[in-house]
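Residue-level structure breakdown
Residues per chain, in single letters:
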Amino acid sequence: MFTLPKDLEMQEIIMSIELGLIFSIVAVGIYLTFKTINFADMTCDGSFVLGAAVSSVYIKMGASPFIATFLALVFGGLAGLATGILNVKFKIKDLMCGIIVAFILYSINLRIMNAPNITFIEEVTIFSGRNTLTSVIIIVFVLNLALILILFSVFGLRLRAIGYNKQFAAISGINVKLMTIIGLMLSNAMIALGGSLFSQYQGFCDVSQGFGTLVIGLASVVIGEKMFAFKKEPLIILSCIFGSILYRIFMNIALHSDSIGIKTQDLNLITGLMIIAVMIVKKGGNNALATQ
Amino acid sequence: MLLQLNDICVKNILKNLTLNVKKGEFVLIVGANGAGKTTLFNTISGASSPNNGSVFINGRDITLLDRHKRSAQISSVLQDPRAGTIAEMTIFENLKLAYLRNRCIKKYRKIVEYFKEKLSLIGLNLENRMNEYVRNLSGGQRQALSLVMATVGDYELLLLDEITAALDTRTSDMVMEITSKIVANEKKTCLAITHDQSHMNLFGDRTLKMENGQLSGFDKRSEPC
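Residues numbered from 1 in each chain as written. Chains lettered and ligands numbered in written order. Predicted model: local features only at pLDDT ≥ 70, side-chain atom pairs only at ≥ 80, totals over all residues.

**Digging into the overall build of chain B**
For clarity, the threshold we go by: Helix and strand definitions here come from DSSP, where helices need a minimum of 4 consecutive H or I residues and strands a minimum of 2 consecutive E residues; each element is numbered from the N-terminal end. When we talk radius of gyration, it's over C-alpha atoms, and the globule rule is simply 2.2 Å times the number of residues to the 0.38. Whether a residue is buried, exposed or partly exposed is read from the other C-beta atoms within 10 Å of its own C-beta, which are placed from the backbone; 20 or more gives buried, 12 or fewer gives exposed, and intermediate counts give partly exposed. Contact between two residues is assigned when their C-beta atoms, built from the backbone, lie within 7 Å.
What chain B contains, in helices and strands, is seven helices and 10 strands. In summary, chain B has a C-alpha radius of gyration of 17 Å against a globular reference of 17 Å for 225 residues, a match within 12%. Classification of the 225 residues of chain B by burial places 45% in the buried group. Contacts spanning at least 24 positions in sequence make up 70% of the contacts within chain B whose residues lie at least 6 apart.

**Brief notes about the overall build of chain A**
Within chain A one finds 12 helices and two strands. For chain A, the N- to C-terminal ordering of α and β elements is α-α-α-α-β-α-α-α-α-β-α-α-α-α. Its C-alpha atoms give chain A a radius of gyration of 19 Å, within 12% of the compact-globule value 19 Å for 292 residues. Counting all 292 residues of chain A, 49% fall into the buried class. In chain A, once contacts between residues fewer than 6 apart in sequence are set aside, the share between residues at least 24 apart is 79%.

**Concerning the confidence of the model for chain B**
Residue and element names in this part refer to chain B. To keep things clear, this is the line we draw: Values of pLDDT, which run from 0 to 100, indicate the predictor's confidence residue by residue.
Across chain B, pLDDT averages 85, with 94% of residues at or above 70. Confidence over residues 218-225 falls short of pLDDT 50; this stretch has 12 contacts with residues more than four positions distant or in other chains. Interface predicted TM-score (ipTM) for the complex: 0.84; the corresponding pTM is 0.88.

**Here's the deal with the packing of helix H1 (residues 10-36) of chain A against helix H10 (residues 236-255) of chain A**
Residues and elements named next belong to chain A. Quick note on the threshold: Inter-axis angles, ranging from 0 to 180 degrees, are taken between N-to-C directions of lines fitted to C-alpha atoms, where helices are fitted over the stretch in contact. Working definition: roughly parallel below 35 degrees, roughly antiparallel above 145 degrees, roughly perpendicular at 65 to 115 degrees, and oblique for all remaining angles. By definition, turning the near helix anticlockwise from the far helix through less than a right angle yields a left-handed crossing, and turning it clockwise yields a right-handed one. Under the convention adopted here, Pro, Cys and the residues Ala, Val, Leu, Ile, Met, Phe, Trp and Tyr are nonpolar, Asp, Glu, Lys and Arg are charged, and Gly plus all remaining residues are polar.
Interaxial distance between H1 and H10 falls to 7 Å at its minimum, and their mutual angle equals 135 degrees. Between H1 and H10, the angle is such that the two are oblique. When you trace H1 past H10, the crossing you get is right-handed. Of the residues in H10, those in contact with Glu12, Ile13, Ser16, Ile17, Leu19, Gly20, Leu21, Phe23, Ser24, Ala27, Val28 and Tyr31 of H1 are Ile237, Cys240, Ile241, Gly243, Ser244, Ile245, Tyr247, Arg248, Ile249 and Asn252. Within the contact of H1 with H10, the residues separate by chemical class into 14 nonpolar, six polar and two charged.

**With respect to the packing of helix H2 (residues 44-60) of chain A against helix H8 (residues 176-202) of chain A**
All names here are of chain A. Here H2 crosses H8 at 50 degrees, and the two axes come no closer than 7 Å. Put simply, H2 runs oblique to H8. As for the relative orientation of H2 and H8, their crossing is right-handed in sense. Touching Cys44, Ser47, Phe48, Val49, Leu50, Gly51, Ala52, Ser55 and Ser56 of H2 are Asn188, Ile191, Ala192, Leu193, Gly194, Gly195, Ser196, Phe198, Ser199 and Gln200, all from H8. Of the residues assigned to the contact of H2 with H8, the class counts are nine nonpolar, 10 polar and no charged.

**Details of the interface of chain A and chain B**
Across the boundary between the two partners, chain A contributes 14 residues, which contact 20 residues of chain B. Going through the elements one at a time, helix H6 (154-164) and helix H7 (166-171) of chain A are the ones with two or more residues in the side of chain A that touches chain B. Partitioned by chemical class, the residues of the side of chain A that touches chain B number nine nonpolar, five polar and no charged.

**Describing the sheet that holds strand E1 (residues 3-10) of chain B**
All names here are of chain B. As a reminder of what qualifies: At least two DSSP bridges between two strands are needed for those strands to be called paired.
An order of E2-E1-E4-E5 is seen for the four strands of this open sheet, with the pairing classed as antiparallel. In this open sheet, the two edge strands, each paired with only one partner strand, are strand E2 (14-21) and strand E5 (60-61). In terms of strand pairing, E1 meets E2 through five bridges, oriented antiparallel. Paired with Ile8 across the bridge in E2 is Leu17. On the sheet, helix H1 (residues 37-45) packs against E1, E2 and strand E4 (52-57) and is oriented at approximately 60 degrees with respect to E2.

**Looking at unusual backbone geometry**
Residue and element names in this part refer to chain A. For Asn38, which is not glycine, the phi torsion reads 55 degrees and is therefore positive. Along the chain, Asn38 falls in the loop between H1 and H2. Not every positive phi belongs to a glycine, and Lys91 is a case in point at roughly 55 degrees. Along the chain, Lys91 turns up in the loop between helix H3 (65-88) and helix H4 (94-113). The exposed category is assigned to Lys91, around which 8 C-beta atoms lie within 10 Å.

**Description of the sheet that holds strand E6 (residues 74-77) of chain B**
All names here are of chain B. With respect to topology, six strands assemble into an open sheet ordered E6-E7-E8-E3-E9-E10, the strand pairing being mixed. Edge positions in the open sheet fall to E6 and strand E10 (214-216), since each of these has one partner strand only. Mean inter-strand twist for the sheet, computed between neighbouring axes without regard to direction, equals 20 degrees. The strands touched by helix H6 (residues 139-151) are E6 and strand E7 (157-161); relative to E6, the strand with the most contacts, the crossing angle is about 180 degrees.

**Things to note about the confidence of the model for chain A**
Confidence along chain A averages 89 in pLDDT terms, with 93% of residues attaining 70 or more. Confidence scores differ between elements of chain A, with helix H12 (residues 288-291) of chain A showing the lowest mean pLDDT of 49 and H3 of chain A the highest of 97.

**Section: H1 of chain B**
Residue and element names in this part refer to chain B. For H1, a buried count of nine out of nine residues is recorded, marking the element as mostly surrounded by other parts of the structure. Every buried residue of H1 is accounted for by Lys37, Thr38, Thr39, Leu40, Phe41, Asn42, Thr43, Ile44 and Ser45. Gly46 sits one or two positions beyond H1 and adopts a positive phi of about 100 degrees.

**Concerning the nonpolar core**
Residues and elements named next belong to chain A. Defined as follows: By definition, a nonpolar core groups buried Ala, Val, Leu, Ile, Met, Phe, Trp, Tyr and Cys residues that are joined through C-beta atoms within 7 Å.
Among the nonpolar cores identified, the biggest contains 144 residues, and Val28, Ile30, Tyr31, Ala53 and Ala192 are the most heavily contacted of them. At 14 residues, the largest contribution of residues to this core is made by H8. Discounting chain neighbours no more than four positions away, the residues touching Ala192 are Ser47, Phe48, Leu50, Gly51, Ala72, Leu73, Phe75, Gly76 and Ala79.

Next comes the structure, spelled out in structure tokens:
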């Protein structure tokens with residue numbers, strides 16, 4: 001029978017849950033583009049750091065962490081807008097738009113930070129003086145409740161329609177181009193928010209911390225879809241949250257499995273293998289990303 | 001005139017095509033594959049723009065108007081029922097999306113009754129399956145649903161693009177029967193495009209023949225088109 005590694009402490013499990021909740025915001029953002037509007041958006045590696053960079057700089061300057069977090073959200077939205085314009089206006093393929101914008105964002109993030117990394121251990125963050133787990137739960141709850149309500153609304157119905165069938169959406173009077181841009185803005189705003197919360201959580205921001213964000217987000221989405229099969233579409237967002245927490249717990253367990261030869265440097269290998277395994281095992285889940 | 005096409009040229013497919021459709025009229029366009037029927041459909045619905053010429057609806061030039069903006073006046077049914085519906089949404093959600101193209105939903109209960117009434121017209125018992133996913137419906141049922149979806153809400157022109165092309169003979173007959181019912185009930189202007197000559201006897205105040213990107217033929221009262 002499966003048992004938890006002996007050296008895995010309760011505090012580490014709580015940290016996994018906290019990180020899982022923070023990254024669930026990123027996972028939901030990725031779900032919004034890859035599934036809801038059916039747009040293979042690679043911007044996230046850049047917009048994640050953009051959110052972290054913007055909030056870190058403002059926090060370092062002594063600004064309110066709430067304003068800094070809000071600004072991260074706005075800047076993330078702008079990154080999504082750039083990707084959307086490249087796709088809709090200049091007809092560049094979705095995959096390419098995201099890669100280009102993420103590439104450009106690396107330089108922009110360096111410009112914003114004016115250094116490859118920023119540390120802000122002493123500064124006041126959104127978590128200062130509060131229980132981190134409770135704060136993260138409240139943020140994730142409010143954010144996802146709002147998103148679920150949006151997706152259940154007429155606007156959400158139209159947003160989902162463009163992901164399923166663009167031709168049908170157009171004959172139903174939906175402005176597909178505008179909705180694509182709005183979807184990308186919403187998604188990247190969420191990813192940037194995740195980046196901002198992550199940097200505030202660890203009191204540190206690095207220009208290369210966005211590497212692998214997309215894969216981690218996708219891992220959370222596929223694990224969630226596989227293990228928590230919600231039938232009604234907007235509720236699938238909940239499976240992204242649970243998937244993200246589970247992913248972090250799995251990773252933590254894997255990192256404490258020295259006895260079977262797994263080492264810290266194997267993290268990407270384990271993540272990749274886990275995604276492949278979940279995507280191959282189709283039975284019993286939606287596996288929406290696997291079929292795309 | 002409700003619909004006017006003046007000197008429409010699309011690449012080498014449509015050649016100086018002119019067509020006038022009166023309000024309340026049912027025009028059937030018959031042509032072989034490659035005659036330019038779908039290009040004509042796309043030009044009217046806004047899926048593609050003509051190289052030359054103009055499209056008018058109720059005297060308003062809509063040549064450069066985007067497809068989604070035309071949908072308030074032009075309601076379309078596509079060839080492939082899979083393209084005309086969303087399989088991952090329920091029958092109700094599909095109808096709601098179609099209805100929302102030019103109207104707002106104010107009273108939920110009233111709209112459910114309205115959809116039920118529309119669905120009952122086609123006699124497939126879909127009115128009692130509104131919360132079922134469209135992926136569970138057969139090709140014929142999905143095409144019938146597309147027809148109902150095209151007629152919910154307000155519209156000026158019903159555009160049918162080879163609605164039986166992707167169906168087998170039996171299902172095709174069923175869909176044509178449903179189409180006759182809907183057209184008779186709606187009494188709206190309708191332009192149907194088909195390659196099936198047998199439809200000529202079933203529909204239309206006027207039948208036009210499409211060949212090499214041009215329209216020819218006479219209406220039933222022997223007037224030149």
